[in-house]
Amino acid sequence: MIAALAGGVGAARLLAGMVQIADPASISAIVNTGDDIELHGLHVSPDLDTVTYTLAGVVDPTTGWGLAGESWQAMDALDRYGGQTWFRLGDRDLATHMFRTQMLRDGHPLSEVVTAVAQAWGVTVHLLPMSDDPVRTRITLASGEEVAFQDYFVRLRHSVPITKVRFDGAEQAEPGPGVLAALDAADAVVVCPSNPVVSIGPILAIPGVRIALERRKATVVAVSPIVAGAAVKGPADRMLAELGHEPSAVSVAELYSSFAGTLVIDEADAALAPRIEATGLRCVVAPTIMVDREAAAHLARAALDAL
Ligand code: FO1
């Protein structure tokens, strides 16, 4: 049994590799919900949808989110009214948010929505929201203004410096159904190559999660999302720097060293291995750029073999 901590695109790609070397039904992915957003009266869960669509083989391959071959009639029609179209919701993607919103309104927890959506797409990996309770990542910009995650990430194109990140609601949130059980029962826990601050951070902020990992640290392996000082995708390197960390795999090791036993880094960072091992983590060097599913499968294999 494998448990994975997952954010969006990088995690989804690794999981798409992992299902090629392990039985999908033996994998439980604990997914970040701090990016969730209410828009047009709909509840959107970007990381859960990115993981679901990627595992279903229907994700848009260029963006890594949303559905391939989408039409944008609703967004175009909304433009007529000057409505909010900065967060692009394709016509078929909208059905996911409509369905999720109705299930939530009918009193079903997010975890039941996730199971229904995953089943509808034939995804057999167990997808577990980190919590059924609302947790929202809030970003304080250098201007002092605090904004919601998607406002920072999409509306402002994460092109503004930040000074603080917090996870509103995390202290009061319960781990989602099956989350702690998966972390206790798994033979291996894989921390996917997602943004350590805003994708893995919210999951660790859920009461009980960090301690569950610390208890089994030796069988927790993380894959660095930072390669040669840069994020493979997104603003993780800049966020680390703006929050006072060196934008490198060494900072990832320092952030993870209390609950992970091993960090997989890219060959480009091989020279950092001594500094990473000085943080207490074992360091494994492997190709970590997932150019295709085969590369993702090899990376998943390398991560699991590291334990
Ligand atoms: N990212 C963008 O950069 N622009 C968008 O318009 C956008 C829309 C969107 C719609 C649904 C969805 O599931 C994800 C979407 N994303 C978009 C990606 C999303 O902001 C990120 O994947 C995560 O929140 C960060 O991992």
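Above this note sits the structure.
The notes below deal with the structure included here.

Cut-offs used in this document
Residues numbered from 1 in each chain as written. Predicted model: local features only at pLDDT ≥ 70, side-chain atom pairs only at ≥ 80, totals over all residues. Heavy atoms only, no water. Pairing = 2+ DSSP bridges. Helix = DSSP H or I, 4+ residues; strand = E, 2+ residues; numbered from the N terminus. Axes fitted to C-alpha atoms, helices over the stretch in contact; angles between N-to-C directions. Contact = heavy atoms within 4.5 Å.

**Looking at the sheet that holds strand β9 (residues 188–191)**
1) Next: Ordered in space as β5-β2-β1-β9-β10-β13-β14, the 7 strands form an open sheet in which the pairing is parallel. At either end of the open sheet lies a strand with only one pairing partner, and these are β5 (126–129) and β14 (282–286). Neighbour-to-neighbour, the strand axes of this sheet turn through a mean angle of 25 degrees, independent of strand direction.
2) Next: When strand β1 (residues 2–6) meets β9, the two strands line up parallel, connected through 4 bridges. Counted as the bridge partner of Ala 3 is Val 189 from β9.
3) Next: Packed on one face of the sheet, helix α2 (residues 46–55) meets β2 (27–31) and β5 and runs near 175 degrees to β5.
4) Next: Against the sheet, helix α11 (residues 249–256) touches β9, β10 (220–223) and β13 (262–266), its axis set at about 165 degrees to β13.

**Points about the sheet that holds strand β6 (residues 136–141)**
Strands in a sheet are paired, the pairing made by backbone hydrogen bonds, and the direction either parallel or antiparallel.
1) Next: Strand order across the open sheet formed by 3 strands is β7-β6-β8, with antiparallel pairing between neighbours. Two strands close off the open sheet at either side, each with one partner strand: β7 (146–148) and β8 (162–168). Across the sheet, the axes of successive neighbouring strands diverge by a mean angle of 30 degrees, strand direction being ignored.
2) Next: Summarising the sheet, β6 and β8 pair through 6 bridges and their orientation is antiparallel. Pairing of Thr 140 across the sheet is with Lys 164, part of β8.
3) Next: On the sheet, helix α8 (residues 196–204) packs against β6 and β8 and is oriented at approximately 25 degrees with respect to β8.

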